Amino acid sequence: MPRVFVGLGSNVGDRPSFLRDALLRLQALPDTIVERVSSVYETEPVGLREQPLFLNAVAECRTTRSPREFVRDLKNIEQQVGRTQHARWGPREIDLDLLFYDALVVEEDEIQIPHAEAERRRFVLEPLNELAPEFVDPRTHRTVKELLHATLDRSLVTKTSISVER
């Protein structure tokens, strides 16, 4: 089964509950196994800076669902959990992003794998490094550990004691 990494984020309302709910729904997807979940990190917003801090985590999964099906599943989970439309990079109840799908590279209008910003975002790289420091980004051919070390993103990323697994 392909190895996939999903970024989870929330900065509105009961952030831990939104992350837990999304993770439970991710675990319930057909043909999908959530193998591990990183620690939860509190992070500064990127882009639109005047908004609450985020809680971020990364889930390592295995799935036989196609990348398109999986992205559609993630968007459906966002709606089920209660995501409402906000400004781009603005506050959100839940955000689920397909970061990597094995070594696949897809660059189309509707889907980009690896995620276009993953290699430049500490809030992605810190939890991903916790799970898979030797995973190789198929676009840059660098390990997650190398990407984290090289990133210019110096935003605040702090590991919390919050658990999203039940």
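Notes on the structure in this doc start here. Just so we're clear, the structure is a prediction, and the values are computed from it rather than from any experiment.

This brings us to the pairing of strand E5 (residues 95-101). A regular strand places its side chains so that they alternate between the two faces of the sheet. The buried fraction of E5 is high, at six of seven residues. Pairing analysis gives six bridges linking strand E1 (residues 3-10) to E5, with the strands arranged antiparallel. Of the residues in E5, the one forming a bridge with Gly7 is Asp97.

Inspection of the secondary structure puts Leu128 in helix H3 (residues 122-131). Take Leu128: its relative accessible area is 0%, and that puts it in the buried class. Considered as a pair, Leu128 and Lys159 are 31 residues apart in the sequence and their alpha carbons are 12 Å apart. When near neighbours in sequence (up to four residues on either side) are disregarded, Leu128 contacts Phe5, Val58, Phe100, Pro133 and Val144.

Below, the discussion takes up helix H1 (residues 15-27). The terminal C-alpha atoms of H1 lie 18 Å apart, and with 13 residues this matches the ideal 18 Å at 1.5 Å per residue to within 8%. Burial in H1 covers these residues: Arg15, Pro16, Phe18, Leu19, Ala22, Leu23 and Leu26. Seen end-on, H1 carries its buried residues on one side only, within an arc spanning 160°.

In this section: the packing of H1 against helix H2 (residues 67-81). It is the contact of H1 with H2, at a shortest axis distance of 10 Å, that shows an interaxial angle of 140°. The angle between H1 and H2 places the two elements in the oblique class. Two packed elements cross with a definite hand, and for H1 against H2 that hand is right-handed. Contacts from Phe18, Asp21, Ala22, Arg25 and Leu26 of H1 reach H2 at Phe70, Leu74, Ile77, Gln80 and Val81. The class makeup of the residues in the contact of H1 with H2 is seven nonpolar, one polar and two charged.

The subject of this paragraph is the pattern of salt bridges. Applying the stated criterion to the full structure yields 18 salt bridges. Of the charged contacts in the structure, one is a salt bridge between Glu60 and Arg36, with a shortest N-O distance of 2.6 Å. Of this pair, Glu60 sits in strand E4 (residues 54-63) while Arg36 sits in strand E2 (residues 32-37), placing them 24 residues apart in sequence. We classify Arg36 as partly exposed; its relative accessible area is 36%. Residue Lys75 pairs with Glu78 through a salt bridge whose shortest N-O separation is 3.6 Å. Placement of both Lys75 and Glu78 in helix H2 is noted, with a separation of three residues, approximately one turn of the helix. Here the salt bridges share partners, and the residues they tie into one network are Lys75, Glu78, Arg83, Arg92 and Asp95.

Turning next to H2. In this model, H2 (15 residues) spans 21 Å end to end at C-alpha, consistent with the 21 Å of a helix rising 1.5 Å per residue. Pro67, Phe70, Asp73, Leu74, Ile77, Glu78 and Val81 are the residues of H2 that are buried. Buried residues of H2, seen end-on, are gathered within an arc of 140° and therefore sit on one face of the element. Here the buried face of H2 lies against E1, H1, E2, E4, E5 and strand E7 (112-113). Phi turns positive, to about 120°, at Gly82, one or two residues after H2.

Let's shift gears to the layout of surface pockets. Its boundaries defined by the atoms lining it, the largest pocket holds a volume of some 1000 Å³. The wall of the largest pocket is formed by 38 residues, among which Lys75, Arg92, Asp95, Asp97 and His115 lie closest to the centre. Where the lining of the largest pocket is concerned, the elements lending two or more residues are E1, E4, H2, E5 and H3. Counted by class, the lining of the largest pocket contains 16 nonpolar, nine polar and 13 charged residues.

Scoring rules and cut-offs
Residues numbered from 1 in each chain as written. Predicted model: local features only at pLDDT ≥ 70, side-chain atom pairs only at ≥ 80, totals over all residues. Heavy atoms only, no water. Buried < 20%, exposed > 50% of the residue type's maximum accessible area, 1.4 Å probe, protein only. Helix = DSSP H or I, 4+ residues; strand = E, 2+ residues; numbered from the N terminus. Pairing = 2+ DSSP bridges. Contact = heavy atoms within 4.5 Å. Expected span 1.5 Å × (residues − 1). Arc of directions from axis to C-beta. Axes fitted to C-alpha atoms, helices over the stretch in contact; angles between N-to-C directions. Parallel < 35°, antiparallel > 145°, perpendicular 65-115°, else oblique. Left-handed = near helix turned anticlockwise from the far one by under 90°. Nonpolar A, V, L, I, M, F, W, Y, C, P; charged D, E, K, R; others polar. Salt bridge = Lys/Arg side-chain N within 4 Å of Asp/Glu carboxyl O. 1 Å grid on protein atoms, 1.4 Å probe; cavity = no way out; pocket = protein on both sides within 12 Å on 5 of 7 lines; lining within 4 Å. Points joined across faces, edges and corners; volume = space filled by probe spheres on them.

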